[in-house]
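Each chain, written out:
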Amino acid sequence: MDTVSQLQRQFVDHTTSLYREGFVDDQFTQLQKLQDENSPDFVVEVVTLFFDDCEKLINNMARALEQQQEVDFKQVDASVHQLKGSSSSIGAMRVKNVCVTFRTFCEAQNREGCLRCLQQVNREYSLLKNKLQTLFRLEQQIVAAGGTIPAVE
Amino acid sequence: MESCNCIEPQWPADELLIKYQYISDFFIALAYFSIPLELIYFVKKSAVFPYRWVLVQFGAFIVLCGATHLINLWTFTMHTRTVAIVMTTAKVFTAVVSCATALMLVHIIPDLLSVKTRELFLKNKAAELDREMGLIRTQEETGRHVRMLTHEIRSTLDRHTILKTTLVELGRTLALEECALWMPTRTGLELQLSYTLRQQNPVGYTVPIQLPVISQVFSTNHAVKISPNSPVAKLRPIAGKYVPGEVVAVRVPLLHLSNFQINDWPELSSSTKRYALMVLMLPSDSARQWHVHELELVEVVADQVAVALSHAAILEESMRARDLLMEQNVALDLARREAETAIRARNDFLAVMNHEMRTPMHAIIALASLLQETDLTPEQRLMVETILKSSSLLATLINDVLDLSRLEDGSLQLELGTFNLHSVFREVLNLVKPIVSVKKLLVTLNLAPDVPEYAIGDEKRLMQTILNVVGNAVKFSKEGSITITAFVAKSESLRDTRAPDFFPIPSDNHFYLHVQVKDSGAGISPQDIPKLFTKFAQTQSTKNSGGSGLGLAICKRFVNLMEGNIWIESDGIGKGCTAIFLVKLGIPERLNESKFPFMPKVLATHGQANFPGLKVLVMDENGVSRMVTKGLLVNLGCDVTTVSSGEECLRMVSLEHKVVLMDVCVPGKDGYEIAIRIHEKFTKRHERPLIVALTGNTEVTKDNCMRVGMDGVILKPISLDKMRGVLSDLLEHRVLFEAM
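Not measured: the values here are computed from a predicted model.

**Here's the deal with the overall build of chain A**
Then, number 1: Broken down by element type, chain A carries 6 helices and 0 strands.
Then, number 2: Sequence-ordered secondary structure for chain A, helices as α and strands as β, is α-α-α-α-α-α.
Then, number 3: In chain A, which comprises 153 residues, the proportion classed as buried is 44%.
Then, number 4: Within chain A, contacts between residues separated by at least 24 positions form 66% of all contacts whose residues are at least 6 apart in sequence.
Then, number 5: Summing over all exposed atoms, chain A offers an accessible surface of approximately 8300 Å²; the carbon and sulfur share of this is 47%.

Written out as structure tokens, the structure reads:
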């Protein structure tokens with residue numbers, strides 16, 4: 001069917017771009033491999049969880065860094081560590097890389113640096129969220145149109 | 001002379017005679033007239049008189065007679081013809097009436113007579129009825145007395161009260177002078193005066209039971225009149241001139257419990273029965289005699305007394321029995337509570353000692369083995385080896401003792417599961433290989449082809465049993481060979497003369513595994529064989545070889561739990577011995593492709609499920625990575641539990657978890673501590689789950705992990721293939737340290 005193949009092509013393009021632009025890495029592929037009849041929405045669930053986590057952590061960090069007097073770098077560091085762990089678990093490469101930089105700033109107790117990193121994290125997170133949501137939408141459309149989701153190498 | 005109408009009397013009247021006749025006639029007339037008046041008067045008075053017309057007739061007759069006599073008065077002298085005519089008329093009438101009356105009387109008089117006889121008859125009857133009424137009344141009174149007596153007697157269940165009441169009431173009812181009861185003594189040869197009515201405290205008179213008067217009384221159940229001079233009746237000194245009243249004696253049967261057999265009625269032969277004697281004396285000088293109804297009363301009362309006494313006796317017995325039972329109950333309860341307390345105390349002690357003893361033991365063993373790896377001089381090495389050996393032995397001993405006491409209470413239950421039977425034997429062989437090679441013994445394993453590869457049972461304990469038996473064989477053989485044979489027992493071979501109590505019943509889901517371990521070692525003398533399975537019993541040879549004496553006892557318990565049997569045969573000292581045991585194992589259901597029969601759902605969907613049902617505990621503080629790890633493991637068919645903190649991990653970890661995957665990315669939070677605590681929780685190596693650290697952090701080193709007792713470290717991120725490889729390596733080698 002024309003719509004299906006069109007959608008499928010879009011899907012393939014989108015996925016390839018994700019990888020190419022470094023939004024996700026091999027770990028994401030692994031995640032997709034875990035999705036099967038027993039857990040059909042596994043990827044969506046994990047990703048949703050990640051985004052919720054992300055938001056919470058980003059808010060925590062923002063709050064902590066806004067303190068005028070004493071910034072609790074330990075807390076910020078803990079949040080960054082969490083975020084790093086989560087992002088590496090699902091393969092959100094760019095987010096993870098920002099976290100690495102973020103941590104160094106935290107250890108150095110550099111408030112400006114931390115704020116800059118926080119902004120970056122936010123930006124990357126939003127981008128990733130958009131991309132992944134597009135991807136999921138495409139998947140749903142393909143399935144609704146009666147096609148199968150193509151595997152992307 | 002003109003002819004006059006006068007009539008002359010026949011003869012010349014004599015003056016005097018005529019006077020008398022005149023008077024008599026007058027009086028006769030008077031009488032005759034008064035009689036009817038009287039009759040009328042009295043008849044009027046009486047209500048009933050059936051013959052009224054007779055009366056009229058009679059009255060008329062009498063009146064006429066009277067009239068005749070009255071008229072006669074005029075005929076004594078010269079009288080006119082009128083008078084003569086009147087006289088004649090009157091006489092005629094009188095004649096008629098009298099004849100009529102006479103004729104009538106012929107009919108009436110028999111009637112009147114019969115009335116009289118009837119009256120007499122009725123009077124007799126009335127007298128008879130009166131007599132009978134008197135009798136009935138006396139009987140009824142007797143009955144009333146008996147009922148009252150019975151009621152009095154039966155209203156109490158106390159023996160003495162019964163007897164005393166009997167005498168008192170009898171005395172009252174019959175107005176007796178004296179009433180006494182003679183009871184047979186224990187020996188049964190004498191009768192002893194037990195109760196009297198008037199005398200307060202009867203002195204202990206006894207009379208021999210063989211007296212003729214007593215035998216006479218005992219031979220019948222009627223009350224018997226006896227002489228007041230017989231010894232049983234001589235109760236008070238006779239005050240000289242008075243005539244003693246009549247005395248009656250009656251037997252009172254004393255029924256015993258033994259008289260009442262379950263299915264028979266009590267025998268009525270007097271030889272088996274015991275009787276008491278009741279003696280009743282009427283007041284002296286009263287000239288009263290014993291009436292039949294009084295005797296009957298006495299007999300009835302005697303019977304009632306017997307029944308009441310037997311009831312009282314039965315009640316006494318049952319009260320005594322009940323008291324005894326209550327006492328015993330209390331004692332038993334106390335004993336049970338003491339026993340429970342003792343068991344509880346022992347269990348508490350064991351629980352504490354379990355932990356307390358094992359911890360230092362482990363510390364010693366761990367440190368000694370660590371010490372072994374350092375640089376030591378040869379003497380030091382020898383010392384360390386000895387320490388290690390002794391402490392291992394001690395640890396085993398402690399474990400055995402603790403196991404045994406758990407086995408004793410029956411609190412031990414088999415942990416059934418499907419396992420690879422063949423690999424159990426292989427594992428045992430591996431474990432004894434070092435010693436066997438040192439001792440230069442030859443060990444062969446013969447597994448019959450019908451032994452299934454998989455079976456359902458308690459793998460750990462079966463291994464322990466086989467290991468113990470084989471270990472014994474190895475221990476007590478200085479040289480030669482050891483053969484281990486295993487096959488599925490068939491029904492004929494199951495019945496063994498050596499174990500007569502053992503009746504194995506093979507069924508469709510189970511089979512009996514027959515294992516035989518034959519060695520050519522020291523052998524056992526026949527008299528020691530029975531003692532082998534008793535705890536702590538050591539024969540001469542075993543004492544030297546250093547055993548606790550518990551191994552076989554534990555094995556026997558395990559084998560019994562597995563519904564089997566174990567025994568040892570030996571041809572004598574120096575001729576080796578054979579240990580044989582049978583255990584009941586379940587047959588797992590077959591499924592087409594899989595090795596393990598459960599989790600078929602997983603098998604259908606995952607073509608690459610290598611670890612179905614493997615229970616894994618994942619500890620990770622990060623929700624996302626927790627979910628990802630879980631997803632990986634679920635994909636491989638594992639049964640995953642996730643926890644997010646150390647405490648939760650310790651809480652949830654159990655014997656069922658085979659692997660614990662622990663995220664230790666955070667250097668600040670100590671995942672190491674969790675590992676140590678898990679070690680403490682599971683002291684037996686084969687119980688403890690494998691602990692593997694997941695980390696993305698290279699600061700976590702292999703040494704650190706080993707130090708806290710972890711079995712492996714894996715670097716994140718983990719791919720599906722990597723996880724699969726890791727798990728299979730881990731389960732095979734029980735250790736995995738990735739090159740870092």
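Moving on from the coordinates now.
**Quick notes on the overall build of chain B**
Then, number 1: Along its length, chain B carries 18 helices and 19 strands.
Then, number 2: Counting only contacts in chain B whose residues sit at least 6 apart along the sequence, the fraction spanning at least 24 positions is 70%.
Then, number 3: Accessible area for chain B stands at about 43100 Å²; split by element, carbon and sulfur atoms hold 60% of it.

**Points about the packing of aromatic side chains**
Residue and element names in this part refer to chain B.
Then, number 1: Tallied over the full model, the rule gives 4 aromatic pairs over all chains.
Then, number 2: For the pair Phe218 and Tyr275, a centre-to-centre distance of 5.1 Å together with 45 degrees between the ring planes defines the contact as tilted. With Phe218 in helix α5 (residues 212–218) and Tyr275 in strand β6 (residues 274–281), this pair connects stretches of sequence that are 57 residues apart.
Then, number 3: Note on Phe218: relative accessible area 11%, which makes it buried.

**Overview of helix α9 (residues 459–475) of chain B**
Residue and element names in this part refer to chain B.
Then, number 1: For α9, spanning 17 residues, the distance from its first C-alpha to its last is 23 Å, which sits close to the expected 24 Å at 1.5 Å a residue.
Then, number 2: Listing the buried residues of α9 in full gives Lys460, Arg461, Leu462, Met463, Thr465, Ile466, Val469, Val470, Asn472, Ala473 and Val474.
Then, number 3: Its side-chain oxygen placed 3.3 Å from the backbone nitrogen of Lys460, Asp458 serves as the N-cap of α9.

**Quick word on the pairing of strand β15 (residues 639–643) of chain B**
Residue and element names in this part refer to chain B.
Then, number 1: Alignment of strand β14 (residues 615–619) against β15, held across 5 bridges, turns out to be parallel. Paired with Leu617 across the strands is Thr641, a residue of β15.
Then, number 2: Between β14 and its parallel partner β15, the chain crosses via helix α14 (residues 623–635), and the hand of that crossover is right-handed.

**So, the environment of Ala368 of chain B**
All names here are of chain B.
Then, number 1: For Ala368, the position within the fold is in helix α6 (residues 292–372).
Then, number 2: Spatially, the C-alpha atoms of Ala368 and Val384 are 6.4 Å apart, while their sequence positions differ by 16 residues.
Then, number 3: In contact with Ala368, not counting residues within four places along its chain, are Val384, Ile387 and Leu388.

**Quick word on the interface of chain B and chain A**
Put simply, an interface is often sized by how much accessible area is lost when its parts join up.
Then, number 1: Listed as interface residues are 18 residues of chain B and, on the opposing side, 20 residues of chain A.
Then, number 2: A buried area of about 1600 Å², summed over both sides, lies between chain B and chain A, and 60% of it is on carbon and sulfur atoms.
Then, number 3: Contact with chain A buries area across many residues of chain B, yet Val624, Met627 and Val628 of chain B alone supply 34% of it, more than any other trio.
Then, number 4: For the interface between chain B and chain A, the tally reads 0 salt bridges.
Then, number 5: Counting across the interface, chain B meets chain A through 2 residue pairs in polar contact (both at pLDDT 80 or more).
Then, number 6: Here the element with the most residues in the side of chain B that touches chain A is α14 of chain B; it accounts for 8 residues.

**Describing the UniProt feature "modified residue: 4-aspartylphosphate" (unreviewed entry) in chain B**
Then, number 1: The feature "modified residue: 4-aspartylphosphate" (unreviewed entry), as annotated in UniProt, sits at Asp663 of chain B in this numbering.
Then, number 2: Mapping Asp663 of chain B onto the fold places it in strand β16 (residues 659–663).

**Observations concerning the sheet that holds strand β3 (residues 206–208) of chain B**
Residues and elements named next belong to chain B.
Then, number 1: Pairing in this open sheet of 6 strands is antiparallel, and the strands run β3-β2-β1-β6-β5-β4 from one edge to the other. Here the strands that pair on one side only, and so sit at the sheet edges, are β3 and β4 (224–226). Going across the sheet, the axis of each strand differs from the next one's by a mean of 35 degrees, ignoring polarity.
Then, number 2: Of the strand pairs in this sheet, strand β5 (residues 247–254) and β6 are connected by 8 bridges, and their pairing is antiparallel. Each bridged residue has a counterpart across the sheet, and for Val250 the counterpart in β6 is Met278.

**Looking at a nonpolar patch on the surface**
Then, number 1: A contiguous nonpolar surface patch, about 740 Å² in accessible area, is contributed by Leu16, Tyr20, Tyr22, Ile23, Phe26, Phe27 and Leu30 of chain B.
Then, number 2: We classify Leu30 of chain B as partly exposed; its relative accessible area is 46%.

**Some points on helix α1 (residues 15–45) of chain B**
Residues and elements named next belong to chain B.
Then, number 1: Across its 31 residues, α1 extends 45 Å between first and last C-alpha, which sits within 8% of the 45 Å expected from 1.5 Å per residue.
Then, number 2: Taken residue by residue, α1 has Ile18, Asp25, Ala29, Pro36 and Val43 as its buried positions.
Then, number 3: Buried residues along α1 sit in contact with α2 (52–72).

**Here's the deal with the environment of Lys225 of chain B**
All names here are of chain B.
Then, number 1: Within the secondary structure, Lys225 is located in strand β4.
Then, number 2: When its relative accessible area of 44% is taken as the criterion, Lys225 is described as partly exposed.
Then, number 3: C-alpha of Lys225 to C-alpha of Leu280: the two residues are 55 residues apart in sequence and 9.5 Å apart in space.
Then, number 4: Excluding residues within four positions of it along the chain, Lys225 makes contact with Glu246, Val247, Val248, Trp290 and Leu295.

**What to know about the UniProt feature "modified residue: Phosphohistidine" (unreviewed entry) in chain A**
Then, number 1: UniProt records the feature "modified residue: Phosphohistidine" (unreviewed entry) for His81 of chain A in the present numbering.
Then, number 2: Checked against the element boundaries, His81 of chain A lands in helix α4 (residues 73–90).

**Looking at the nonpolar core**
Then, number 1: Within the largest apolar cluster, 67 residues are counted, with the highest numbers of intra-cluster contacts made by Met61, Phe102, Leu128 and Leu132 of chain A together with Leu633 and Leu661 of chain B.
Then, number 2: Among all residues touching Met61 of chain A, those that are not within four sequence positions of it are Val76, Ser79, Val80, Leu83, Phe102 and Leu118 of chain A.
Then, number 3: Within the second largest apolar cluster, 43 residues are counted, among which are Ala473, Val515, Leu532 and Met562 of chain B.

**Observations regarding the UniProt feature "binding site: ADP" (unreviewed entry) in chain B**
Then, number 1: With numbering matched to this structure, UniProt assigns "binding site: ADP" (unreviewed entry) to Asn472, Ala473, Val474, Lys475, Asp519, Lys535, Ser548 and Leu552 of chain B.
Then, number 2: Ignoring sequence-local partners within four residues, the contact set of Asp519 of chain B consists of Ala473, Ser477, Ser481, Ile482, Gly576 and Cys577 of chain B.

**Notes on unusual backbone geometry**
Then, number 1: Positive phi values are uncommon outside glycine, yet Gln109 of chain A reaches one of about 60 degrees.
Then, number 2: Here the phi dihedral of Ala175 of chain B falls at roughly 55 degrees; this positive angle occurs in a residue that is not glycine.
Then, number 3: Positionally, Ala175 of chain B belongs in the loop between α4 (159–174) and β1 (178–184).

**Some words on the pattern of salt bridges**
All names here are of chain B.
Then, number 1: Applying the stated rule across the entire model yields 15 salt bridges over all chains.
Then, number 2: Measuring nitrogen to oxygen at the nearest pair gives 2.4 Å for the salt bridge that ties Arg172 to Glu169. On the criterion of helical spacing, the pair formed by Arg172 and Glu169 is a turn pair, its members being 3 residues apart in helix α4.
Then, number 3: Residue classification places Arg172 among the exposed residues on the basis of a relative accessible area of 53%.
Then, number 4: Residue class for Glu169 comes out buried when judged on its relative accessible area of 7%.

**Quick word on the side chain of Thr578 of chain B**
Then, number 1: Checked against the element boundaries, Thr578 of chain B lands in strand β13 (residues 577–586).
Then, number 2: If we ignore the near neighbours within four places in the chain, the residues touching Thr578 of chain B are Gln516, Val517, Lys518, Trp567, Ile568 and Glu569 of chain B.

**Some points on the state of the cysteines**
Residues and elements named next belong to chain A.
Then, number 1: What the rule picks out here adds up to 0 disulfides over all chains.
Then, number 2: Free cysteine Cys106: the closest other cysteine sulfur is in Cys114, separated by 3.8 Å.
Then, number 3: Owing to a relative accessible area of 4%, Cys106 belongs among the buried residues under this scheme.

**Concerning the pairing of strand β10 (residues 481–488) of chain B**
Residues and elements named next belong to chain B.
Then, number 1: Taking every second residue as pointing to the same face, the buried face of β10 carries Ile482, Ile484, Ala486 and Val488, while none of Ser481, Thr483, Thr485 and Phe487 on the other face is buried.
Then, number 2: With 6 bridges joining them, strand β8 (residues 442–447) and β10 adopt parallel strand pairing. Counterpart to Leu447 in the pairing with β10 is Ala486.

Conventions used here
- Residues numbered from 1 in each chain as written.
- Chains lettered and ligands numbered in written order.
- Predicted model: local features only at pLDDT ≥ 70, side-chain atom pairs only at ≥ 80, totals over all residues.
- Heavy atoms only, no water.
- Helix = DSSP H or I, 4+ residues; strand = E, 2+ residues; numbered from the N terminus.
- Buried < 20%, exposed > 50% of the residue type's maximum accessible area, 1.4 Å probe, protein only.
- Contact = heavy atoms within 4.5 Å.
- Areas by Shrake-Rupley, 256 points an atom, 1.4 Å probe, with all protein chains shown as cover.
- Phe/Tyr/Trp six-rings, centres within 6.5 Å; stacked < 30°, edge-to-face > 60°.
- Expected span 1.5 Å × (residues − 1).
- Polar contact = N/O pair within 3.5 Å; in protein donor to acceptor, adjacent residues only side chain to side chain.
- Pairing = 2+ DSSP bridges.
- Right-handed = clockwise from strand over helix to strand, strands pointing away.
- Buried area = accessible area lost by both parts, 1.4 Å probe.
- Salt bridge = Lys/Arg side-chain N within 4 Å of Asp/Glu carboxyl O.
- UniProt positions renumbered as here; feature names shortened; annotations may be inferred.
- Axes fitted to C-alpha atoms, helices over the stretch in contact; angles between N-to-C directions.
- Patch = residues over 30% accessible without salt bridge, like charges linked within 9 Å, V, L, I, M, F, W, Y side chains within 5 Å.
- Core = buried A, V, L, I, M, F, W, Y, C linked by side-chain atoms within 4.5 Å.
- Disulfide = S-S within 2.5 Å.

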